[in-house]
Amino acid sequence: MSTTESDVVGHRLYDLVAALMPPMRSITGNGVRATLDLVRAALPAQVPLTVHEVPTGTPVLDWTIPREWNVAGARLIGPDGRVILDAADNPLHLLGYSVPMRARMPLDELRHHLYSMPDRPDWVPYRTSYYNDAWGFCLSDRQLAALPDGEYQVEIDTSLTDGSLTYGEIVLPGTSDEEFLVTTHLCHPAMANDNSSGIAVAIELAAALAARERRYTYRLLFIPGTIGSITWLALNPGVVGRIRHGLVLTGLGDRGAPTYKRSRRGDAIIDRATARALAETGRPHRVVDFSPYGYDERQFCSPGFDLPVGRFGRSQHGEYPEYHTSADNLEFVTPESLADSFAILRRTIEICEADRVWRNTSPYGEPQLGRRGLYRSIGATMNRASIEMGLLWVLNLADGTRGLLDIAERADLPFDAVANAADALAGVGLLVEEPPVARPPEALAGVSLAGASAASVVIG
């Protein structure tokens, strides 16, 4: 991406992050639907977003779709009648999934339902209680310390009713039905990095993918964390076996170095392609091993599925103090970081798209390259040494079993040097592409796909 293009993309992403922050969203409810409306409005007209509604009570793997949560309002009123906290001012003020509550109580009793951060006295924490009935408010520690004794009025107008879990899905068909999965969670309200940044970059990726030729079919999911990926896996057993690469997007806008977390497999093509895309930047970055703690990668990489899905972000969750607080705001993210994250992800996809298995049609001895004009055909693209070595390494290793990424790694050459060499050799008949190996759907040994046949309501 040129500097000008990067600036344009970065500011577009930053504006998207700002637009995505306000809805009062959680793992279910109208806030999720409002967020998906924003996603649809930001997508090009030719990119279809399908919204799925999965009813409360539907069994999904070892879980069950919970009651739907909606918020009409939530306020804490002080002894003098002044409003101390209002969720309309900041969604983080309300404990996520708070049950309805209207009561008057003294401060000593109220304190059991107030959450603050003594070590960060000016920040409001993000707290939730999805699966245990509770209610509460979050506030800065300075606010908490300043509360006077007296009787407080609690007004939490929420509902927990049979409804549905809502998620969005984009499918962009390719020439193959093998799939590249991109997912991002949309359940966190009022925070820029976690995860308005992931939603915004996924929108930008969908637009970029829709405008290019695609070998893979791309499936982009906008899902609530944990329960969303579990729901999708339970309802889509026929798709799971077609996933060849996958990325979970989170925390893409902060100033930290880009970080990739490998899939459970550790050496999947997506692991190697992302590591190479990061290395190509020539800037500090991190590649970390898989662990079963984190975001939705732990569901896609659970042992029964063991999908080639890694996670891409910048500063890792829990490693920066702003995580899950009001300090994760628009000042915490930058257009430059958002554009950089998008560029790395786009480069990763380019590598996966270009990675093919070729077979040398003249494997006995080295074919005469000069008379075929090969050096001239790619001579303007990179230095002479890379050209020659790319041609020689591809001819030597293109035995019908290795992909171009394998060859680039073995030869220690830039991926594009190998890919351009393969294109040039194929152009003069010295390489033929091996057809994809037919693979049966991957076994889901040991996993009970309870609820896999449960239908969801689809809204176009």
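Right above here is the structure, for reference.
Since the structure is predicted, the reported quantities are computational estimates derived from the model, not experimental observations.

Looking along a regular strand, one sees the side chains alternate between the two faces of the sheet. With 7 of 7 residues buried, strand β11 (residues 179–185) lies mostly within the body of the structure. Residue alternation in β11 divides its side chains into two sets, E179, L181, T183 and H185 and F180, V182 and T184, and both sets are buried. Pairing of β11 with strand β12 (residues 217–223), which is carried by 7 bridges, proceeds in the parallel orientation. Bridge pairing in β12 places H185 opposite I223. Strand direction decides the pairing type here: β11 and strand β13 (residues 243–249), joined by 6 bridges, are parallel. Its bridge partner lying in β13, E179 is registered against I243.

Right, let's talk about the sheet that holds strand β18 (residues 399–403) for a bit. Taken together, 3 strands build an open sheet; the order of strands is β18-β17-β19 and the sheet is antiparallel. This sheet does not close on itself; its edge strands, each paired only once, are β18 and β19 (431–433). Averaged over neighbouring strand pairs, the angle between their axes works out to 35° when direction is ignored. Pairing geometry for strand β17 (residues 357–360) and β19, over 3 bridges, is antiparallel.

Examined against the element boundaries, N90 turns out to sit in the loop between β5 (83–86) and β6 (101–106). Note on N90: relative accessible area 17%, which makes it buried. The spacing of N90 and M24 is 66 residues in sequence and 8.7 Å in space, taken between C-alpha atoms. Residues within four places of N90 in sequence aside, it is in contact with A190 and S326.

Between two packed helices, what matters for the description is the angle formed by their axes and the separation of those axes. It is at 9 Å that the axes of helix α13 (residues 404–411) and helix α14 (residues 415–427) come closest, and there the two elements cross at 125°. One way to sum up the angle between α13 and α14 is to call them oblique. For α13 against α14, the interelement crossing comes out right-handed. In this structure, α13 uses L404, L405, I407 and A408 to contact α14, whose residues at the interface are F415, V418, A419 and A422.

Another point: the environment of W63. Looking at where W63 falls in the secondary structure, it is placed in strand β3 (residues 63–64). Given the relative accessible area of 33%, W63 is considered partly exposed. Considering only alpha carbons, one finds W63 and R33, 30 residues apart in sequence, at a separation of 22 Å. Contacts of W63, omitting those with residues within four sequence positions, involve T58, Y131, T226, I227 and I230.

Analysis parameters
Residues numbered from 1 in each chain as written. Predicted model: local features only at pLDDT ≥ 70, side-chain atom pairs only at ≥ 80, totals over all residues. Heavy atoms only, no water. Buried < 20%, exposed > 50% of the residue type's maximum accessible area, 1.4 Å probe, protein only. Helix = DSSP H or I, 4+ residues; strand = E, 2+ residues; numbered from the N terminus. Pairing = 2+ DSSP bridges. Axes fitted to C-alpha atoms, helices over the stretch in contact; angles between N-to-C directions. Contact = heavy atoms within 4.5 Å. Parallel < 35°, antiparallel > 145°, perpendicular 65-115°, else oblique. Left-handed = near helix turned anticlockwise from the far one by under 90°.

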